[in-house]
Structures are given as structure tokens and as C-alpha cells.
Amino acid sequence: MECLLGVTGKDHVILAADRTGGRSVLLMKGDVEKMYQLTSTSAMVVAGEAGDTSRFGEFLKKQFKLHSMKFEYGLCVAEVADFIRYQLAKAIRSRHPYMVNVLVGGVNEEDGSSELYFLDYLGTKAKVPFGAHGYGSYFTLSTMDRMHSTSQKQEQSIEQLHQCIREINKRLILNMSSFNIYIITRDGIRSDVVVTKDILLDQDPGLPPDNLTLMEK
């Protein structure tokens, strides 16, 4: 019942993740953090079983921290994705697989190029210009395919994700009230919280106001 989104631009990657946390038809929390910063210019968003996502995310975060302490050189985005894929593939062949789906994005410090990788719990890995996990992917991949450009600027990428969030909330029966958005550039990572209602009301004046009352009998 979760949704992860990712899109690349000329010199940046933007990741987005809903903030809901639940089980079955129950909503447990509305402020879940699903992003893990792996290096200074790369991060991942993860969805899946609650225990697995937390355990897998913290494990990777500490592994990359250990690498930075042991070695003077950093890792490019492709090497980060390869290590994550190796861990998922090894786990699926053991008694304790990680039931998680991941989007890994970042910017290479050497040349400033942006990369995004799609990974699932089976250990599948693919480099993509844009990607999505969860039920939201049914409504957003066509929007990304229509709007995406490899040379687009940050503003265009953000608007593209906003449009995807609008489509999710118009067509998906699930309520995803807010998203965390992470902007990754050569200078680092910054985050922002996007409230879905603000996007919808800002761009679609035809939506009914919140103060509608029931019709009198």
C-alpha cells in the first residue's frame, strides 16, 4: 500500500516516498521516514514489510558508513546499487529474505552525472531514467514517460512529481495525505514535505472545498 517515486534530471535526482505506515487496512502512522542516506550524494527510498525495511535500511546505512571510515575514496552510484543488489540477491537465497523494494538515486561527484536504479526484493536491478514502486506506479509511469526529459531542470522534475502525486490521489482509492521529497545534487541532499491537499487545491480549482455540508433532508 506504499508508493515510491524517482526521477532523474540533468544534474540531479529527486526521490519521493509517501509517509504512511500501516498493516492490512489499518493506518498506523502518518509520518514514516522511508529514506536512508547512503553517501553524501546518494540515497535510497524503501518500501515493503515494516520490520524488513527498517532492518535493511539501517544495515546498509552502517555498511556505507563503515566503508567511508576504512577507505579514503568514495563510491559512485552504480557501486552503491551493485552492493544493495548483492545483499538482496544473497538474502533471497537464504532463510531470511528482505521483503523490500528499493529506488536508489544519486549524483556522481566526479562528473556530476545523475543515476537512478530500480531494485526489487528478488534482486532485480535496472538503471532507469524514472521509476516507481507500489500501487502508485500504475498511474504514474505513463505520466513520467510523457513528461520526462534527460536535460530537465529541478523545477521541471519537481513539477513532474507533483503531477504524479495528483494522479495518485485522483485515481487511487488509498489515502496518501503527504509525501517526503528528497532532492539530490552534487552539493548534497535536502528534503521537503509535500502535503497532497495543497498540491491538489493549488492546481485544480474545480475541486470541492473541505467545508461542504450534507444535504438537508
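Residues numbered from 1 in each chain as written. Predicted model: local features only at pLDDT ≥ 70, side-chain atom pairs only at ≥ 80, totals over all residues. Heavy atoms only, no water.

A.B. asks: So what's going on with the nonpolar core? Residues and values would help.
C.D. replies: Counting 19 residues, the largest nonpolar core has Leu38, Met44, Phe56, Ile84, Val102 and Val104 as its most contacted members. Contributing elements (two or more residues each) for this core: strand 5 (35–39), strand 6 (42–48), helix 1 (50–70), helix 2 (77–92), strand 7 (100–107) and strand 8 (114–119). Tallying contributions element by element places helix 2 first for this core, with six residues. Beyond its immediate stretch of four places on either side in the chain, valine 102 contacts Met44, Val45, Val46, Phe56, Tyr117, Phe118, Leu119 and His133. Judged by nonpolar contacts, the second largest core, of 18 residues, contains Cys3, Ile14, Ala16 and Ile183. (Core = buried A, V, L, I, M, F, W, Y, C linked by side-chain atoms within 4.5 Å. Buried < 20%, exposed > 50% of the residue type's maximum accessible area, 1.4 Å probe, protein only. Helix = DSSP H or I, 4+ residues; strand = E, 2+ residues; numbered from the N terminus. Contact = heavy atoms within 4.5 Å.)

A.B. asks: So, the pairing of strand 11 (residues 178–185): which residues are in play, and what are the values?
C.D. replies: With eight of eight residues buried, strand 11 lies mostly within the body of the structure. Burial along strand 11 is two-sided: Ser178, Asn180, Tyr182 and Ile184 and Phe179, Ile181, Ile183 and Thr185, pointing in opposite directions, are all buried. Pairing between strand 2 (residues 13–18) and strand 11: six bridges, direction antiparallel. Of the residues in strand 11, the one forming a bridge with isoleucine 14 is isoleucine 183. Strand direction decides the pairing type here: strand 11 and strand 12 (residues 188–195), joined by eight bridges, are antiparallel. Bridged to isoleucine 181 within strand 12 is aspartate 192. Between strand 11 and strand 12, which pair antiparallel in sequence order, lie two residues. (Pairing = 2+ DSSP bridges.)

A.B. asks: Before we move on, can you summarise the pattern of salt bridges with the specific residues and values?
C.D. replies: In this structure the tally under the stated criterion is eight salt bridges. A salt bridge links lysine 34 to aspartate 18; the nearest nitrogen and oxygen atoms lie 3.0 Å apart. Residue lysine 34 is located in the loop between strand 4 (26–29) and strand 5, and its partner aspartate 18 is located in strand 2; the two are separated by 16 residues in the primary sequence. Here lysine 34 matches aspartate 18 in class, with each residue buried. As a salt-bridge pair, glutamate 115 and lysine 127 come within 4.0 Å of each other at their nearest N and O atoms. Note that glutamate 115 is positioned in strand 8 and lysine 127 in strand 9 (residues 125–127), a separation of 12 residues in sequence. When its relative accessible area of 12% is taken as the criterion, glutamate 115 is described as buried. (Salt bridge = Lys/Arg side-chain N within 4 Å of Asp/Glu carboxyl O.)

A.B. asks: Any chance you could break down the packing of helix 1 against helix 2 for me, citing the residues and the numbers?
C.D. replies: At their nearest, the axes of helix 1 and helix 2 sit 12 Å apart, and the two run at 135° to each other. Relative to helix 2, helix 1 is oriented oblique. Here helix 1 runs over helix 2; the crossing is right-handed. Contacts from Phe56, Phe59, Leu60, Gln63 and Phe64 in helix 1 reach Val80, Phe83, Ile84, Gln87 and Leu88 in helix 2. Here the contact of helix 1 with helix 2 is built from residues that sort into eight nonpolar, two polar and no charged. (Axes fitted to C-alpha atoms, helices over the stretch in contact; angles between N-to-C directions. Parallel < 35°, antiparallel > 145°, perpendicular 65-115°, else oblique. Left-handed = near helix turned anticlockwise from the far one by under 90°. Nonpolar A, V, L, I, M, F, W, Y, C, P; charged D, E, K, R; others polar.)

A.B. asks: Describe the packing of aromatic side chains, listing the residues and the values that go with them.
C.D. replies: In the structure shown here, the tally under the stated rule is four aromatic pairs. Centroid distance phenylalanine 71 to tyrosine 73: 5.5 Å. Interplanar angle 40°. Geometry classified as tilted. Judged by centre distance (6.2 Å) and plane angle (50°), the rings of tyrosine 135 and tyrosine 138 are tilted. Note on tyrosine 135: relative accessible area 38%, which makes it partly exposed. Overall, tyrosine 138 belongs to the exposed group, its relative accessible area being 64%. (Phe/Tyr/Trp six-rings, centres within 6.5 Å; stacked < 30°, edge-to-face > 60°.)

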